[in-house]
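As a plain string of letters, each chain reads:
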Amino acid sequence: MCSVSLFCLTSAANALPEHAPRPGGTAVIAVATANSDAAPIVMFDDKRVLVLRREDEWVAVIGIPLTQSIGPAKAIVRIVDQESSTITFEVKPYAYREQHLTVARAYVDLTEEQLHRAGRERKIIDGALTNWRDVDLSDLSLLEPVAGRRSSSFGLRRFFNEQPRSPHKGMDVAANLGTPVIAPGDGTVTATGNYFFNGNTVIIDHGQGFVTMYCHLDEIGVEEGQRLTTGMPIGKVGATGRVTGPHLHFGTYLNGTAVDPALLLAPAD
Ligand SMILES: [Zn+2]
């Protein structure tokens, strides 16, 4: 991919994701000049949006839900001592792949107890994924949490026995059982647990609604509340939860919505 090394250096140093205004993508929009130290407050879908300073302007980085309709979308910008204004951006279509699988009924039909358990865990997970922590950010680029082949499965529309399931909200990275997983950026651990679908899971809060999630771990190596710096080990690749083999499910979230991790990772060699 990188034939000219200067280009690679520049890409790797990109602090912001690309402007990829599609369902499951990111809209990166300058919303105000940075002539005040007070960052504007930006809201999308009633959720607060990450804002950071880029040279002399404030830039909003909006996570666009996979369910977003194509066409114009609006965000609200509030600047101190000014009336709020609206910014509009165009969400463009993107063709995510489909996967049709025939699976054993026991895999699809959950017992009542399993449904209850998954529902309880959903609340814990959603709480961690939608947490807002005020912190200044300057760089959103992430290291690879684990070395391995990156699938392009984010957004994959899955059908089990021809029943549509929710689309795949992360990137699966193929790696052997026990391969160390690292924190790809600074943050705080906001949830750990063994969940029905996701298996052993770690959720890291990087601030301002930027959250990452690591699932199906063999071992969890961190505790809730622990502060992490880039590169610290957080666990090991496993096959816990509802999976068919060892891999890391890596999820990245902005304003509570899953976005394609490929947009935040430094490019692969
Ligand atoms: Zn996955």
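What you see is a predicted model, and the numbers here were worked out from it, not measured in a lab.

Caption draft 1: View of the domain arrangement of the chain. By the assigned domains, the chain splits into domain 1 (5–91) and domain 2 (98–263). On a C-alpha basis, the centroid separation for the pair domain 1 and domain 2 is 24 Å. At the boundary of domain 1 with domain 2, total buried surface from both sides reaches about 1,700 Å², with 62% on carbon and sulfur atoms. The largest share of the area that domain 1 buries against domain 2 comes from Arg48, Leu50 and Leu66, three residues that together contribute 34% of it. In this assembly, domain 1 and domain 2 are joined by 2 salt bridges. Note that Arg48 and Asp134 form a salt bridge whose closest N and O atoms lie 4.0 Å from each other.

Caption draft 2: Expanded view of the sheet that holds strand 17 (residues 219–220). Here 3 strands make up an open sheet; going across it, the order is 13-19-17 and the pairing antiparallel. Strands at the two margins of the open sheet, each flanked by one partner only, are strand 13 (180–182) and strand 17. Bridging between strand 13 and strand 19 (residues 233–236) involves 3 bridges; their strand directions are antiparallel. Residue Val181 lies in a different strand from strand 19, and its bridge partner there is Gly235.

Caption draft 3: Molecular detail of the packing of aromatic side chains. Applying the stated criterion across every chain yields a total of 5 aromatic pairs. Geometrically, the ring pair formed by Tyr94 and Tyr96 is tilted, given 4.7 Å between the ring centres and 55° between the ring planes. Look at Tyr96 and you get buried, because its relative accessible area is 12%. Among the aromatic side chains, those forming a connected cluster through ring pairs are Tyr94, Tyr96 and Phe154. Over the ring of Tyr94 we find Arg22; its NZ or CZ atom is 4.1 Å from the centre of that ring.

Caption draft 4: Expanded view of the coordination of the zinc ion. Around the zinc ion, the donor atoms from the protein are His168 (NE2), Asp172 (OD) and His249 (ND1), and they sit 2.1 Å away. When the donors of the zinc ion are listed by position in the chain, the intervening gaps give H-x3-D-x76-H. Separated by 77 residues along the polypeptide, Asp172 in strand 12 (residues 171–174) and His249 in strand 20 (residues 247–254) bring together distant segments of the chain. When its relative accessible area of 21% is taken as the criterion, Asp172 is described as partly exposed.

Caption draft 5: Here's a closer look at the side chain of His247. Within the secondary structure, His247 is located in strand 20. Polar side-chain contacts of His247 include one of 3.1 Å to the backbone oxygen of Gly245.

Caption draft 6: Inspection of the pairing of strand 15 (residues 199–207) at higher detail. Where burial is concerned, most of strand 15 is hidden: 9 out of the 9 residues are buried. By the bridge criterion, 7 bridges tie strand 14 (residues 187–195) to strand 15 in an arrangement that is antiparallel. Each bridged residue has a counterpart across the sheet, and for Asn194 the counterpart in strand 15 is Asn200. The turn linking strand 14 back onto strand 15 is made up of 3 residues. Sheet analysis places strand 15 next to strand 16 (residues 210–217), joined by 6 bridges and oriented antiparallel. Among the inter-strand pairings, Val202 is bridged to a residue of strand 16, identified as Tyr214. Where strand 15 hands over to strand 16, the hairpin turn is made up of 2 residues, of which Gln208 adopts a positive phi near 55°.

Caption draft 7: A look at the side chain of Asn255. Here Asn255 lies in the loop between strand 20 and strand 21 (257–259). The exposure class of Asn255 is buried, given its relative accessible area of 7%. A distance of 2.7 Å separates a polar atom in the side chain of Asn255 from the backbone nitrogen of Gly63. Look past the residues within four positions of Asn255 in its chain and what remains in contact with it is Phe44, Lys47, Arg48, Val49, Val61, Ile62, Gly63 and Gly209.

Reading the values: the criteria
- Residues numbered from 1 in each chain as written.
- Predicted model: local features only at pLDDT ≥ 70, side-chain atom pairs only at ≥ 80, totals over all residues.
- Heavy atoms only, no water.
- Domains from an automatic or database assignment.
- Buried area = accessible area lost by both parts, 1.4 Å probe.
- Salt bridge = Lys/Arg side-chain N within 4 Å of Asp/Glu carboxyl O.
- Pairing = 2+ DSSP bridges.
- Helix = DSSP H or I, 4+ residues; strand = E, 2+ residues; numbered from the N terminus.
- Phe/Tyr/Trp six-rings, centres within 6.5 Å; stacked < 30°, edge-to-face > 60°.
- Buried < 20%, exposed > 50% of the residue type's maximum accessible area, 1.4 Å probe, protein only.
- Lys NZ or Arg CZ within 6 Å of the ring centre and 35° of its normal.
- Donors = N, O, S within 2.8 Å, 3.2 Å for Na, K, Ca; no water.
- Polar contact = N/O pair within 3.5 Å; in protein donor to acceptor, adjacent residues only side chain to side chain.
- Contact = heavy atoms within 4.5 Å.

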